[in-house]
Amino acid sequence: MHPRKRQRKNASAMKLVGALVGQFREAAGLTQKALGDAVGAGEETIASIEQGRRTLKPDLAKALDRLLETKGALETAVANMPEIDRIPVWAEQYMDLEREAIVLEFFANQVLPGLLQPKSYAEAVFRSRVPALCEDDIAAMVQVRLERQEILHRKTPPMMSFILAEAIVRAPLGGTEAHRETLRHLLKCADLPGVSIQVMPTDRATHAALDGPFVLLETPDYQHLAYTETQRGSQLITDPDETSILAQRYAMLRTQALNPEDTKGLLEQLLGEQ
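The model shown is predicted, which means the values in this text are computed figures rather than measured ones.

**Some words on the overall build of the protein**
Across its full length, the protein holds twelve helices and six strands. By the compact-globule yardstick of 19 Å for 274 residues, the protein fits well, its C-alpha radius of gyration being 21 Å. With the C-alpha coordinates of the protein rotated into their principal frame, the extents come out at 65 × 40 × 30 Å. Counting all 274 residues of the protein, 44% fall into the buried class. Averaging the coordinates of the 32 positive side-chain charges in the protein and doing the same for the 38 negative ones gives two points 5 Å apart.

Structure follows, in structure tokens:
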């Protein structure tokens, strides 16, 4: 099936399940906040599910069926969504965690983290995909990526730290003007409350994370997790020992990278050279 058709089917299925949640909730005389509080999910989660922006997970579907006395209707609807339509579990888990995290720490060595990508950079990233994507797919993916960045501007944003390989900020991905926009965007992001951006110089003789990029995050209940990506897969890491190892590496990276002030100086220098 064509990726765009899969995307439309997925959106339709999510909206259908979301509409069911909304109908059952209203029939029970509950607000989104009341329902979210009752199942420990939160008002925003219920709103996102009803609007078809977030997948209803099986465990939450079961809890809603029990609370709303819907005789397993939601659990059955989720279980019978075509397998090809489902957002991968690891992606859904990470996206939920990212939206709610109180601390996020990123080490990137190949491409800017999605939360730092301006529109032109995100477009260039998706246009670089092999096999090539159609324009509709690119536009949809860029929109999703930009929507993720809302957490940078929420009322109480998480503490965020980014360590970027120097090659990333020097690469003119998307062309000269896109590169200028990216540099300007990074400088703006560096001034946001709670955001720290550091560049890892290419001329270092030592490097604490040669195994590749990763993300560390802390949940509202202070659980420490990690996330890694490869060419064809991703992994959410919950084991405390493994998470601790990556946290140690990140701490060392922060001492090896340029400090935030020197990083801004480098970005301004690169911008001036354009």
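**Section: the pairing of strand 4 (residues 214-218)**
Taking burial as the measure, the five residues of strand 4 include five buried ones, the bulk of the element. Residue alternation in strand 4 divides its side chains into two sets, Phe214, Leu216 and Glu218 and Val215 and Leu217, and both sets are buried. In the sheet, strand 1 (residues 103-108) pairs with strand 4 via five bridges, with the strands oriented antiparallel. Residue pairing in the sheet places Phe107 in a bridge with Phe214 of strand 4. Taken together, the four bridges between strand 4 and strand 5 (residues 224-230) define a ladder with antiparallel strand orientation. In the strand pairing of strand 5, Glu218 is matched with His224.

**Overview of the packing of helix 7 (residues 119-127) against helix 8 (residues 135-148)**
Two measures define how a pair of helices packs: the angle their axes make with one another and the distance between the axes. At a minimum axis separation of 9 Å, helix 7 and helix 8 run at an interaxial angle of 135°. The angle between the axes of helix 7 and helix 8 places the two elements in the oblique class. Here the hand of the crossing between helix 7 and helix 8 comes out right-handed. Contacts between helix 7 and helix 8 involve Lys119, Ala122, Glu123, Val125, Phe126 and Arg127 from the first element and Glu135, Ile138, Met141, Val142, Arg145 and Leu146 from the second. A breakdown of the residues in the contact of helix 7 with helix 8 according to their chemical character gives seven nonpolar, no polar and five charged.

**Let's talk about helix 11 (residues 240-256)**
In this model, helix 11 (17 residues) spans 24 Å end to end at C-alpha, consistent with the 24 Å of a helix rising 1.5 Å per residue. All of the buried residues in helix 11 are Thr243, Leu246, Tyr250, Leu253 and Gln256. Viewed end-on, helix 11 has its buried residues packed into an arc of 135°, placing them on one side of the element. For helix 11, the exposed residues set more than 90 degrees away from the buried face come down to Pro240, Asp241, Gln248 and Thr255. At its buried positions, helix 11 is contacted by strand 1, strand 2 (159-165), strand 3 (195-200), strand 4, strand 5 and strand 6 (233-237).

**Side note on the environment of Ala208**
Along the chain, the position of Ala208 falls in the loop between strand 3 and strand 4. Between the C-alpha atoms of Ala208 and Gly29, which are 179 residues apart in sequence, the distance is 55 Å. Those residues in contact with Ala208, other than ones at most four positions away along the chain, are Arg249, Met252, Leu253 and Gln256.

**Comments concerning the pairing of strand 5**
Each regular strand shows side chains that alternate between the opposite faces of the sheet. Taking the residues that link successive antiparallel strands as the turn, the strand 4-strand 5 hairpin has five residues, and the phi of Tyr222 there is positive, at about 65°. Inspection of the sheet shows strand 5 paired to strand 6 by five bridges, in the antiparallel sense. Its bridge partner lying in strand 6, Glu229 is registered against Ser234. Hairpin connection from strand 5 to strand 6: two residues lie between these consecutive antiparallel strands.

**Some words on the side chain of Thr263**
Inspection of the secondary structure puts Thr263 in helix 12 (residues 260-272). Thr263 has contacts with Ile197, Gln198, Val199 and Leu258, leaving out every residue within four places of it along the chain.

**Comments concerning unusual backbone geometry**
Negative phi characterises most residues that are not glycine, and trans characterises most peptide bonds. Each neighbour pair has its own omega, and for Val130 with Pro131 the value is 0°, a cis peptide bond. The topology assignment puts Pro131 in the loop between helix 7 and helix 8.

**As for the confidence of the model for the protein**
When pLDDT is averaged along the protein, the result is 89, and 91% of the positions lie at 70 or above. Counting interchain partners and residues more than four positions distant, the pLDDT-below-50 stretch residues 1-9 has 13 contacts. Within the model, the stretch residues 83-88 combines pLDDT values under 50 with 14 contacts to residues more than four positions away or in other chains.

**Describing helix 7**
Three or more residues of helix 7 are buried, namely Ser120, Tyr121, Ala122, Ala124, Val125 and Phe126. Residues of helix 7 that are buried in the fold lie against helix 8, helix 9 (166-170) and helix 10 (176-190).

Definitions and cut-offs
- Residues numbered from 1 in each chain as written.
- Predicted model: local features only at pLDDT ≥ 70, side-chain atom pairs only at ≥ 80, totals over all residues.
- Heavy atoms only, no water.
- Helix = DSSP H or I, 4+ residues; strand = E, 2+ residues; numbered from the N terminus.
- Rg over C-alpha atoms; globule rule 2.2 N^0.38 Å.
- Buried < 20%, exposed > 50% of the residue type's maximum accessible area, 1.4 Å probe, protein only.
- Lys, Arg positive; Asp, Glu negative; His and termini not counted.
- Charge placed at Lys NZ, Arg CZ, Asp CG, Glu CD.
- Pairing = 2+ DSSP bridges.
- Axes fitted to C-alpha atoms, helices over the stretch in contact; angles between N-to-C directions.
- Parallel < 35°, antiparallel > 145°, perpendicular 65-115°, else oblique.
- Left-handed = near helix turned anticlockwise from the far one by under 90°.
- Contact = heavy atoms within 4.5 Å.
- Nonpolar A, V, L, I, M, F, W, Y, C, P; charged D, E, K, R; others polar.
- Expected span 1.5 Å × (residues − 1).
- Arc of directions from axis to C-beta.
- pLDDT = per-residue confidence, 0-100.

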